[in-house]
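Here's the letter readout for the chains.
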Amino acid sequence: MRRFSWFNATSLTLGFAFLYIPMIILIIYSFNGGRLVTVWAGFSTKWYGTLLSNEAFLDAAWVTVRVGFMSSTLATILGTMAAYVLVRGGRFHGRTLFSGMIYAPLVMPEVITGLSLLLLFIAIGLDRGIITIVLAHTTFTMCYVSVVVSSRLISFDRSLEEAALDLGCTPFDAFRSVTLPIIAPAVISGWLLAFTLSLDDLVIASFTSGPSSTTLPIKIFSAVRLGVRPEINALSTIMIGIVTIGVITASLINKRAVTKRLDDEQKAAAA
Amino acid sequence: MAQPAKTPVVFAPWEDKTAKPLIEFNGVTKRFGSFTAIDNISLKIYEKEFFALLGPSGCGKTTLMRMLAGFENITSGTVLLGGRDIAPVPPNKRPVNMMFQSYALFPHLSVWDNIAFGLRRSDMPKDQIGDRVEEMLRLTRMEKFARRKPHQISGGQRQRVALARSLAKAPKLLLLDEPLGALDKKLRNDTQFELMDIQEKTGTTFVIVTHDQEEAMTVASRIAVMDHGKIIQVATPAQIYETPNSVYVADFIGDVNLFEGNVTATKGDKVEIAWAEGQPSIHATAPAGTKSGDRVHFAIRPEKVSISGDKPDDAANAIQGTVHDIAYLGNISTYHVQLSNGLIVKAQAANNRRLSRRNFTWEDQVWLSFTDTAGVVLNK
Ligand SMILES: Nc1ncnc2c1ncn2[C@@H]1O[C@H](COP(=O)(O)OP(=O)(O)OP(=O)(O)O)[C@@H](O)[C@H]1O
Ligand SMILES: [Mg+2]
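Residues numbered from 1 in each chain as written. Chains lettered and ligands numbered in written order. Predicted model: local features only at pLDDT ≥ 70, side-chain atom pairs only at ≥ 80, totals over all residues. Heavy atoms only, no water.

This part takes up the domain arrangement of chain B. All names here are of chain B. As assigned here, chain B comprises domain 1 (13–248) and domain 2 (255–378). Taking only C-alpha atoms, the centre of domain 1 and the centre of domain 2 are 39 Å apart. At the junction of the two partners, domain 1 supplies eight residues and domain 2 supplies seven residues. Buried area between domain 1 and domain 2, summed over both chains or domains, comes out near 620 Å², and the portion from carbon and sulfur atoms is 59%. At the boundary of domain 1 and domain 2, one finds one salt bridge. Where Lys-304 meets Glu-242, a salt bridge forms, and the shortest distance between an N and an O atom there is 3.1 Å. Among the elements that make up the side of domain 1 that touches domain 2, the one with the highest residue count is helix α7 (residues 237–242) (three residues). (Domains from an automatic or database assignment. Contact = heavy atoms within 4.5 Å. Buried area = accessible area lost by both parts, 1.4 Å probe. Salt bridge = Lys/Arg side-chain N within 4 Å of Asp/Glu carboxyl O. Helix = DSSP H or I, 4+ residues; strand = E, 2+ residues; numbered from the N terminus.)

Further remarks concern the interface of chain A and chain B. A common way to express how large an interface is: the accessible area buried when the components associate. Taken residue by residue, the interface counts 22 residues in chain A and 25 residues in chain B. Between chain A and chain B, the buried area comes to about 1,900 Å², and carbon and sulfur atoms account for 60% of it. The largest contributions to the chain A side of the interface with chain B come from Glu162(A), Asp166(A) and Leu167(A), which together make up 36% of the buried area. The interface formed by chain A and chain B includes two salt bridges. When the shortest N-O distance is used, the salt bridge between Asp173(A) and Arg121(B) registers 2.9 Å. Summed over the shared surface of chain A and chain B, the number is nine residue pairs in polar contact (both at pLDDT 80 or more). Elements that contribute at least two residues to the side of chain A that touches chain B include exactly α7 (158–166), α8 (171–200) and α11 (230–270) of chain A. Across the side of chain A that touches chain B, the residue classes tally to 12 nonpolar, four polar and six charged. (Polar contact = N/O pair within 3.5 Å; in protein donor to acceptor, adjacent residues only side chain to side chain. Nonpolar A, V, L, I, M, F, W, Y, C, P; charged D, E, K, R; others polar.)

So, on to the layout of surface pockets. Here the second largest pocket is characterised by a volume of approximately 620 Å³. Forming the walls of the second largest pocket are 27 residues, and the residues nearest its centre are Arg158(A), Leu165(A), Gly70(B), Phe71(B) and Pro91(B). Listing elements by their share of the lining of the second largest pocket, those giving two or more residues are α3 (55–88), α7 and α8 of chain A together with β1 (23–32) and α1 (61–69) of chain B. Grouping the constituent residues of the lining of the second largest pocket by class yields 16 nonpolar, three polar and eight charged. (1 Å grid on protein atoms, 1.4 Å probe; cavity = no way out; pocket = protein on both sides within 12 Å on 5 of 7 lines; lining within 4 Å. Points joined across faces, edges and corners; volume = space filled by probe spheres on them.)

All names here are of chain B. One way to put it is that helix α2 (residues 111–120) packs onto helix α4 (residues 155–168) with a least axis distance of 8 Å and a crossing angle of 25°. In this view, α2 runs roughly parallel relative to α4, as classed from their interaxial angle. Like other packed secondary-structure pairs, α2 and α4 cross with a definite hand, here right-handed. The segment α2 lies against α4, with Val-111, Asn-114, Ile-115 and Leu-119 engaging Val-161, Ala-164, Arg-165 and Ala-168. For the contact of α2 with α4, the residue count by class is six nonpolar, one polar and one charged. (Axes fitted to C-alpha atoms, helices over the stretch in contact; angles between N-to-C directions. Parallel < 35°, antiparallel > 145°, perpendicular 65-115°, else oblique. Left-handed = near helix turned anticlockwise from the far one by under 90°.)

Residue and element names in this part refer to chain B. Lining the immediate environment of ligand 1, one finds 13 residues, of which Ser-57, Gly-58, Lys-61, Thr-62 and Thr-63 sit closest. Within the side chain of Thr-62, one N or O atom sits 2.6 Å away from an oxygen atom of ligand 1. Compared with its free state, where it exposes 640 Å², ligand 1 has 62% of that area covered by protein. Elements with a contribution of two residues or more to the shell around ligand 1: β2 (35–45) and α1. Ranked by residues supplied to the shell around ligand 1, first place goes to α1 with three residues. Considered class by class, the residues forming the shell around ligand 1 number four nonpolar, seven polar and two charged. (Near = heavy atom within 4 Å. Areas by Shrake-Rupley, 256 points an atom, 1.4 Å probe, with all protein chains shown as cover.)

Residue and element names in this part refer to chain B. Of the protein atoms, only Thr-62 (OG1) and Gln-101 (OE1) coordinate the magnesium ion (ligand 2), at distances of 1.9 to 2.4 Å. Pair noted here: Thr-62 is in helix α1 and Gln-101 is in the loop between β6 (96–99) and α2, with a separation of 39 residues, a long-range link. Using a relative accessible area of 26% as the deciding quantity, one classes Thr-62 as partly exposed. (Donors = N, O, S within 2.8 Å, 3.2 Å for Na, K, Ca; no water. Buried < 20%, exposed > 50% of the residue type's maximum accessible area, 1.4 Å probe, protein only.)

The next subject is the sheet that holds strand β14 (residues 295–300) of chain B. All names here are of chain B. What the five strands build is an open sheet, ordered β13-β12-β11-β14-β20; its pairing is antiparallel. Among the strands making up the open sheet, the edge pair consists of β13 (282–285) and β20 (376–378). Adjacent strand axes in the sheet meet at a mean angle of 45° when their direction is disregarded. Where strand β11 (residues 257–267) lies against β14, six bridges are found, and the strand directions are antiparallel. Across the sheet, the residue bridging to Phe-259 is Phe-298, located in β14. (Pairing = 2+ DSSP bridges.)

Below is the structure:
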């Protein structure tokens with residue numbers, strides 16, 4: 001192992017400090033016993049308790065989780081289908097345009113995505129509620145899923161699908177029984193990514209939510225505008241925890257699959 | 001009462017004008033962009049044939065098979081299977097199975113499930129699938145590895161699983177893309193005989209790609225020699241070897257001595273070929289239509305050239321040279337004999353004496369001789 005030079009060590013520390021000190025402070029203060037957010041008054045978990053008896057927050061949490069599940073599942077199905085067609089569909093007309101367009105939502109300002117969805121929902125007369133948030137989240141997380149899945153599909157050996165067809169599978173059966181099991185890690189990490197993104201989202205949700213369907217980020221944001229309360233710290237800490245677990249799991253699944261594949265290929269080459 | 005000896009029935013449907021081919025290529029061309037991978041091929045393959053495709057790397061063998069299996073569109077021409085145009089039939093509806101050059105084993109399934117994959121999608125009753133898989137495992141000697149995943153077995157074992165998987169459904173037509181390349185010689189020979197045996201039992205038609213000429217000679221009913229997307233010659237192994245139709249085929253299959261020269265005299269089907277200053281003309285038998293003045297190649301296999309110390313009196317052709325090199329191959333030796341004009345001619349002789357008692361050694365003056373029917377005259 002190479003030793004870090006002092007320069008490397010310093011830049012690493014500074015960089016990570018910059019990224020994580022705000023969050024660490026928030027987490028620490030969520031265990032603050034006092035009412036004032038900025039004055040430390042001893043360790044306590046009482047704000048977590050208050051949180052659990054706060055109906056409004058619990059409702060919002062439940063809405064968020066439902067929206068997350070539904071939108072990430074929809075996004076995974078649609079995103080995987082899109083990735084499959086774009087990678088496998090051959091050279092159909094306008095393919096380059098489509099593959100370019102699927103990445104557009106990645107760079108589109110969220111305000112614009114949110115606003116345009118809002119206009120659409122008003123135009124078609126859809127009442128704003130959970131359904132509209134789910135649709136909106138599906139739209140913007142789908143492209144993340146399709147990026148993850150298509151990068152896996154590109155390295156996927158086409159002749160496996162051909163072998164399946166050759167042995168009597170219909171194209172759909174070949175996808176279900178050969179392609180999908182092999183790309184499953186990418187699909188799962190795509191789902192987790194979509195779920196965390198949906199959990200996080202404030203801007204698009206504020207455009208598309210209705211009075212009875214406030215998500216947690218919206219709730220937090222509006223609560224904070226009336227002044228930071230210690231429960232919010234506790235709530236945010238929980239969200240940080242969930243998102244961290246989601247992201248780490250997604251990348252672990254993907255990394256394990258990649259290492260396993262490389263390992264298999266190495267063994268195959270050595271054999 | 002003595003029965004008249006039965007004449008054995010020779011399997012040669014391609015000689016029979018009334019026989020219906022199983023596969024028929026009619027002027028088939030396949031282009032990838034501007035590159036022509038298959039160039040106007042017409043070809044008939046008959047039921048129960050063991051048809052071998054031979055040719056250098058990149059000449060279009062795999063492409064030809066992929067068109068039969070349904071993975072490549074045909075640019076122009078038609079392919080008929082059992083008299084029906086197969087262009088509109090999707091791969092999963094064709095009575096064809098293919099063993100992929102890259103094996104294409106399903107990495108998430110065990111060896112057992114790989115072999116059962118096609119059977120589960122056929123109309124075979126569930127309770128027979130197990131027996132069939134076991135049979136295939138026995139055939140390829142993979143019984144011990146049935147529960148392993150493809151990445152847990154060796155390259156040769158993977159090849160055997162791929163073979164077993166493609167054989168399992170006993171299709172009407174089986175396409176094998178270099179099925180035995182990764183096997184050791186003994187296992188390869190055994191498997192070759194298994195394949196021939198399977199074919200005899202099931203009547204499956206085989207199309208096989210191989211880089212091993214000996215393998216093609218052993219198993220094939222006919223061989224097609226390909227080059228740059230074209231078929232150069234289609235014939236039985238013996239015909240390909242004994243009467244190649246071109247220098248390309250003569251050179252590609254086996255070892256050959258080539259002499260380029262001009263026809264100076266013809267008499268019936270006998271010709272004389274002048275091929276070098278100061279060397280005697282070659283007396284040979286030429287195909288009809290060969291005229292004086294034609295530029296031709298004379299091709300002769302090393303084992304048809306005799307080597308002797310004294311000039312044989314009655315040989316149609318006798319050329320003198322010195323032994324330049326000797327390749328000892330165990331049962332036979334190949335002598336590389338240099339003629340006075342520098343050309344090296346190979347002659348093979350059986351080693352029916354012990355090494356120490358051998359007749360010739362380096363730098364010996366020797367005579368090479370052959371009859372006037374031993375070689376072939378090629379005009380392309
Ligand atoms: N999808 C493709 N796109 C473009 N060119 C291709 C494609 N598939 C094959 N070719 C080209 O067509 C030619 C014939 O390829 P093919 O795979 O049939 O060769 P082959 O005879 O099987 O060779 P080998 O003995 O090395 O397996 C090659 O020059 C190859 O580069
Ligand atoms: Mg090939």
